[in-house]
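# Commentary on secondary and tertiary structure
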Amino acid sequence: MWWFYRKGPSGFSGASTAEEVTAGVDGHGLVAVITGASSGIGLETARVLALRGVHVVMAVRNVSAGLAAKEAIVAKIPGARVEVLELDLSSMASVRRFASEFDSLNLPLNILINNAGVMTRNCTRSCDGLELHFATNHIGHFLLTNLLLENMKRGCRNSGVEGRIVNLASSAHILTYHEGICFSKIHDPSGLNDFIAYGQSKLANILHSNELSRILKEEGLNISANAVDPGVIRTNLFRNMSIVTVLLDTIGRIMCRSVEQGAATTCYVAMHPQVKGISGKYFANCNIASPTSQASDAELAKKLWQFSLQIVSS
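Each chain has its residues counted from 1, following the order in which its sequence is written. The predicted origin of the model limits local features to residues at a pLDDT of at least 70 and limits the giving and counting of side-chain atom pairs to 80 or more, whereas totals for whole chains, interfaces and linings rest on all residues. Each side-chain value is derived from all of the structure's non-hydrogen atoms; neither hydrogens nor water enter the calculation.

The name an unreviewed UniProt entry gives the protein chain is Short-chain dehydrogenase TIC 32, chloroplastic, with Urochloa decumbens as the organism.

## What about the sheet that holds strand E2 (residues 55–60)?
The pairing of strands in a sheet comes from backbone hydrogen bonds and takes either a parallel or an antiparallel form. In this scheme, strands are said to pair when DSSP sees at least two bridges between them. In this description a helix means any DSSP run of H or I spanning at least four residues, a strand means any run of E spanning at least two, and both kinds are numbered starting from the N terminus. The strand order E3-E2-E1-E4-E5-E6-E7-E8 describes an open sheet built from 8 strands, whose pairing is mixed. Sheet topology places strand E3 (82–86) and strand E8 (287–289) at the edges, where each strand pairs with a single neighbour. Averaged over all pairs of adjacent strands, the angle between strand axes in this sheet comes to 25°, irrespective of strand direction. Pairing of strand E6 (residues 223–229) with strand E7 (residues 282–284) involves 3 bridges; the strand directions are parallel. When the bridges of E7 are listed, Asp229 appears paired with Ala284. As a rule, the C-alpha atoms of each element are fitted with a line to give its axis, helices using only the stretch in contact, and angles between N-to-C directions run from 0 to 180 degrees.

## What about the nonpolar core?
What we call a nonpolar core is a set of buried Ala, Val, Leu, Ile, Met, Phe, Trp, Tyr and Cys residues that are connected through their side-chain atoms within 4.5 Å. Burial status follows relative accessibility: with a 1.4 Å probe on protein chains alone, a residue under 20% of its type maximum counts as buried, one over 50% as exposed, and anything between as partly exposed. Counting residues in hydrophobic clusters, the biggest one holds 52 residues, and the most contacted among them are Phe98, Phe102 and Phe134. Among the secondary structure elements, those contributing two or more residues to this core are strand E1 (31–35), E2, helix H5 (92–104), helix H6 (132–159), helix H7 (194–218), E6 and helix H11 (298–313). With 10 residues, H6 is the single largest residue contributor to this core. Note on contacts: a residue pair qualifies if any of its non-hydrogen atoms lie within 4.5 Å across the two residues. Aside from chain neighbours lying at most four places away, what touches Phe134 is Ile139, Ile181, Ile186, Gln200, Ser201, Ala204, Leu304, Phe307 and Ile311. Ranked by size, the runner-up nonpolar core spans 39 residues in total, among them Phe12, Val48, Ala50 and Ile233.

## Examining the packing of aromatic side chains
Aromatic rings in a pair are described by how distant their centres are and how their planes are angled relative to each other. Planes of paired rings set the category: under 30 degrees apart is stacked, over 60 is edge-to-face and the rest tilted, where pairs are Phe, Tyr or Trp rings (Trp by its six-membered ring) whose centres lie within 6.5 Å. In total, this model carries 6 aromatic pairs according to the counting rule given. Seen in terms of ring centroids, Phe98 and Phe102 are 6.5 Å apart; in terms of plane orientation they differ by 15°. Their pairing is stacked. Of this pair, Phe98 and Phe102 both sit in helix H5, 4 residues apart, which is roughly one turn of that helix. Here Phe102 falls in the buried class, since its relative accessible area comes to 0%. Of the aromatic side chains, those joined through ring pairs into one cluster are Phe12, Tyr268 and Phe283.

## Let's talk about the pattern of salt bridges
Any Lys or Arg side-chain nitrogen located within 4 Å of an Asp or Glu carboxyl oxygen qualifies as a salt bridge. What the rule picks out here adds up to 9 salt bridges. With a shortest N-O distance of 3.2 Å, Arg214 and Glu218 are connected by a salt bridge. Note that Arg214 and Glu218 are positioned in helix H7 at a spacing of 4 residues, about one turn of the helix. Here Glu218 falls in the exposed class, since its relative accessible area comes to 63%. Through salt bridges that share partners, Glu19, Glu44 and Arg47 make up one connected network.

## A few points about unusual backbone geometry
Notably, Asn106 is not glycine yet its phi reads approximately 55°, a positive angle. With respect to the element layout, Asn106 can be found in the loop between H5 and strand E4 (111–114). We classify Asn106 as exposed; its relative accessible area is 68%. Its identity as a non-glycine residue notwithstanding, Asn285 has a phi of 55°, on the positive side. In this fold, Asn285 is placed in the loop between E7 and E8. On the basis of relative accessibility, which here comes to 22%, the residue Asn285 falls in the partly exposed class.

## Digging into the side chain of Ser201
Within the secondary structure, Ser201 sits in helix H7. Its relative accessible area of 0% is what places Ser201 among the buried residues. Distance and chemistry together define a polar contact, namely a pair of N or O atoms within 3.5 Å, with one atom able to donate a hydrogen and the other to accept it when in protein, and with adjacent residues in sequence counting only for side-chain atoms on both sides. A polar atom in the side chain of Ser201 sits 3.0 Å from the side chain of Asn137. Apart from the residues within four sequence positions on either side, Ser201 is in contact with His133, Phe134, Asn137 and His138.

## Considerations on the packing of H5 against H6
For the pair H5 and H6, the least separation of the axes is 9 Å and the interaxial angle reads 25°. The angle between the axes of H5 and H6 places the two elements in the roughly parallel class. For H5 against H6, the interelement crossing comes out right-handed. Residue-level inspection shows Met92, Val95, Arg96, Phe98, Ala99, Phe102 and Asp103 of H5 in contact with H6, the latter providing Ile139, Gly140, Leu143, Leu144, Leu147, Leu148 and Asn151. Asp, Glu, Lys and Arg are counted as charged, while Ala, Val, Leu, Ile, Met, Phe, Trp, Tyr, Cys and Pro are counted as nonpolar; the rest, among them Gly, fall into the polar class. Broken down by class, the residue content of the contact of H5 with H6 amounts to 10 nonpolar, 2 polar and 2 charged. Each angle receives one of four descriptions, namely roughly parallel if under 35 degrees, roughly antiparallel if over 145, roughly perpendicular if within 65 to 115, and oblique otherwise. The handedness criterion is simple: a crossing whose near helix is rotated anticlockwise from the far helix by less than a right angle is left-handed, and one whose near helix is rotated clockwise is right-handed.

Listed below in structure tokens is the structure:
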């Protein structure tokens, strides 16, 4: 496990915690939206950002769990500014409602952390008729980002503060099709392997970040878009995968990192001054890393972008 503790150019490693990588960073005056913030690394990300003074909006599917999480954060951090709004990423209608409710708060948006994710045993369809992993992990975040982007652009122009978009990907993006994204399976997931479906959605997260970064740079906007790999953490993500849960119970003490460590790369990319001006990159262990060749395929990223636009516009 020596590699886990070896510090990279950033001065941090896979053993660093979210509090450690944000020590001394002042987030007062910033507003962040975090999806899936009621548990796991999403909750830890929300707590640490609130600790640094960021006004946090927790986008959660289970509002009761979100409110309980908010109470726990505020109890430990007096004066923390935390909001809870409902968001079901598997439903485009829910994503649109969330964006409208966020606009009604009259808050600027400085940081968007697309953290939430699902891993299921069966490749079922979402309410919109899409393969569930792809619908939740990619399309929901793709639409959410597009709907909130104007707010972030406006805030950047008015304040001069860099906007940051962080997509949580995974090393599982290597487990996908030879062609990367099997577009024909998005509306017809029959026969699709659940691990491949998850890997495909995580590849989509990286490709989304890359193409979004290219577009933002082309427009000359002071907004970055990056993808992060939080590492293997035993969280609720695996609650529907009994085999994976057993494996993590067995080897977890050796291979899995803590929630505090799992949230570190997200918090680093979202807040640290070292990341200012860096966009279109893939981070792991709080340092820039190299994803697969498929994840760096610019043409595949453009194709995915157009495919996703057609879905959210239909």
